[in-house]
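# Secondary and tertiary structure notes
What follows is each chain in one-letter form.
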Amino acid sequence: MKIYKSALIFAVVLLLSTASQAAVINGGRGLPHTKAAWVQERTHLSMLMHTRFWGKVSQFTDTQLGLQDAVTVWTVQGLVSMNYGLGKHFGVTLTPIAYQDVHQGQTEEYPWDTFLGLKIGSFGPKANSLNYGFELGARFPTGERHNVIYEDYTAGTIEAGLTALLSYAYDPLYPEDALNVHANLGYWHHNDVGQDLIPKVLHPENNVIHPSQHVNYGLGFTIPTIGFNYGLELYGLWWIQKPPRAAASRENYAYINASVTYKAFRWFHFMVSGDYRLTADVNETTLPQRFPELGTPNYNTWRVNVGAKFVLLPTSIYRTRERDILMQKAESRRELFEQIIRERRETESAEEELERIRDERRKAERELERLRKVLEGREPQSELEELRQSLEPK
């Protein structure tokens, strides 16, 4: 029955996510952009509703007509991220973008691509502060447009990647109740050979000849309190093989993110964070986009993120009282202490056995040395008799 229930929930999550695209935002455990090595609790289903926005007034220049005017440019994105725990070491994430508005001459509202992630993690001893894992990810071109300004590069193909995850928790039993640190390092293959980045534009630099590939990274920490979580992280992207010069976003970048999470209930958190780009204002695109001379870099200088996270399953979380939580923590700590005591006793017993073996070895080495001297004729007769008696069975 449990297997059928898990399969049904997974199918529901899949149906909810087939409409659009996922971004770099992290809907699971960890920081807004740096993922934790811990997987979602088994049979737990959570949902993150998230939006991010950026805008500025810039000078628009039309070199052909010789016109220059002030114009407001912006990008707004809305997504839903679904996360489900399949087991002790497995979790699945689907993050659709249901709304994307990129200023390209008109307001455009439509779903974009769909990301699917399978996390395999929570590895490490129970009493150990370090945990590790990895995540397999894929991007499906369900969106209507690709290669757009102010967003991460995509050519409209099925892309895939692998990310290594590492997490440290000051309190290994309840890792998210104390200081925790996370690090990510990933590889992404865009699978874009042969794609024309700008439709109906014939130009050598518009066609992808070599597959675009990049490395993504993240490092950050969270300081939890009773009512709030405070986070700080550094994340970015570095190209191994850059896309052609027609790509709207082909530069390396690094951002710093500061976040605050308000823990209203165990099943509801409200999050606000801000991104600030550390890398220089660079625009390496050469072919014209909708606005070729906006005077802005391909990546936003800053971004504001707002989100709300809900725990949908199990429904028992809505009825759990604070006393029940404390009792569960006390029971878990008791089991941890018992495990530590057992491991210590086993270690002490092994150390005693090892020391006994060492004593026997030292004794045998002494006896062999005395026997060698006797055979060489250097031991007196009394010593020989003493040695013979020591070797006789008791």
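A few points on the structure. (Residues numbered from 1 in each chain as written. Predicted model: local features only at pLDDT ≥ 70, side-chain atom pairs only at ≥ 80, totals over all residues. Heavy atoms only, no water.)

### Considering the overall build of the protein chain
Along the protein chain, the regular secondary structure elements total three helices and twelve strands. Every one of the 394 residues in the protein chain was classed for burial, and the buried ones make up 41%. The long-range share in the protein chain, meaning contacts at least 24 apart out of those at least 6 apart in sequence, stands at 66%. Accessible area for the protein chain stands at about 21900 Å²; split by element, carbon and sulfur atoms hold 61% of it. (Helix = DSSP H or I, 4+ residues; strand = E, 2+ residues; numbered from the N terminus. Buried < 20%, exposed > 50% of the residue type's maximum accessible area, 1.4 Å probe, protein only. Contact = heavy atoms within 4.5 Å. Areas by Shrake-Rupley, 256 points an atom, 1.4 Å probe, with all protein chains shown as cover.)

### Re the side chain of Asn-257
Mapped onto the fold, Asn-257 is located in strand β10 (residues 253–265). For Asn-257, a relative accessible area of 0% corresponds to the buried category. The residues touching Asn-257, leaving out its near neighbours within four places in the chain, are Pro-32, His-33, Gly-231, Leu-232, Glu-233, Tyr-235, Ser-273, Gly-274, Asp-275 and Asn-305.

### With respect to the packing of aromatic side chains
This model, assessed by the stated rule, comprises 13 aromatic pairs. Between Trp-54 and Tyr-150, the aromatic rings sit 4.8 Å apart at their centres with planes inclined by 55°, giving tilted as the arrangement. On the criterion of sequence distance, the pair formed by Trp-54 in strand β1 (residues 45–62) and Tyr-150 in the loop between β5 (130–140) and β6 (159–169) is long-range, its members being 96 residues apart. The exposure classification of Trp-54 matches that of Tyr-150, with both residues buried. Ring geometry for Tyr-253 and Tyr-299: centres 4.6 Å apart, planes at 55°, overall tilted. Residue Tyr-253 is located in strand β10, and its partner Tyr-299 is located in the loop between β11 (268–277) and β12 (302–313); the two are separated by 46 residues in the primary sequence. By the burial criterion, Tyr-253 is buried, and Tyr-299 matches it. Note that Arg-303 overlies the ring of Tyr-255, its terminal NZ or CZ placed 4.5 Å from the centroid. (Phe/Tyr/Trp six-rings, centres within 6.5 Å; stacked < 30°, edge-to-face > 60°. Lys NZ or Arg CZ within 6 Å of the ring centre and 35° of its normal.)

### Focus: unusual backbone geometry
Across the junction of Leu-313 and Pro-314, the peptide omega takes the value 0°, indicating a cis bond. Of note, Pro-314 is situated in the loop between β12 and α2 (322–375). One non-glycine residue, Asn-147, lies in the positive phi region at around 55°. Of note, Asn-147 is situated in the loop between β5 and β6. Its identity is not glycine, yet Tyr-150 carries a phi of approximately 75°, on the positive side.

### Topic: the side chain of Ser-212
If you trace the backbone, Ser-212 turns up in the loop between β7 (180–189) and β8 (213–224). With near-sequence residues (within four places) excluded, Ser-212 lies in contact with Tyr-153, Trp-188, His-189, His-190, Asn-191, Asp-192, Trp-239, Gln-241, Lys-242 and Pro-243.

### Some thoughts on the nonpolar core
Core analysis: the biggest nonpolar cluster contains 14 residues, and Tyr-153, Leu-197, Ala-246, Tyr-253 and Tyr-255 have the highest contact counts within it. Not counting residues up to four positions away in its chain, the partners in contact with Tyr-255 are Glu-233, Leu-234, Tyr-235, Asp-275, Tyr-276, Arg-277, Leu-278, Tyr-299, Asn-300, Thr-301 and Arg-303. By size, the runner-up hydrophobic cluster in this structure holds eight residues, among which are Val-71, Val-148, Ile-149 and Tyr-150. (Core = buried A, V, L, I, M, F, W, Y, C linked by side-chain atoms within 4.5 Å.)

### What about the pairing of β10?
Sheet topology places strand β9 (residues 228–241) next to β10; ten bridges connect them, and they run antiparallel. Of the residues in β10, the one forming a bridge with Gly-231 is Ser-259. As paired elements, β10 and β11 share ten bridges and run antiparallel to each other. Within β11, the position partnered with Asn-257 by the bridge is Asp-275. Hairpin connection between β10 and β11: a loop of two residues separates the two successive antiparallel strands. (Pairing = 2+ DSSP bridges.)

### Section: the environment of Ser-167
Position of Ser-167 relative to the elements: it lies in strand β6. Distance from Ser-167 to His-182, taken between C-alpha atoms, is 4.4 Å for residues 15 residues apart in sequence. Excluding its chain neighbours within four sequence positions, the residues that come into contact with Ser-167 are Ala-36, Ala-37, Trp-38, Ser-129, Leu-130, Asn-131, Val-181 and His-182. A distance of 2.7 Å separates a polar side-chain atom of Ser-167 from the backbone nitrogen of Ala-37. At 2.7 Å, the side chain of Ser-167 forms a polar contact with the side chain of His-182. (Polar contact = N/O pair within 3.5 Å; in protein donor to acceptor, adjacent residues only side chain to side chain.)

### Some points on the pattern of salt bridges
Two side chains of opposite charge can pair, provided their charged atoms sit close to one another. Taken as a whole and judged by the stated rule, the model has eight salt bridges. Between Lys-35 and Glu-135 there is a salt bridge whose closest N-O contact spans 2.4 Å. Taken as a pair, Lys-35 in the loop between α1 (2–17) and β1 and Glu-135 in strand β5 lie far apart in primary sequence, 100 residues in all. Overall, the relative accessible area of 21% leaves Lys-35 in the partly exposed class. Sharing partners across several salt bridges, the network here consists of Lys-242, Arg-250 and Glu-284. (Salt bridge = Lys/Arg side-chain N within 4 Å of Asp/Glu carboxyl O.)

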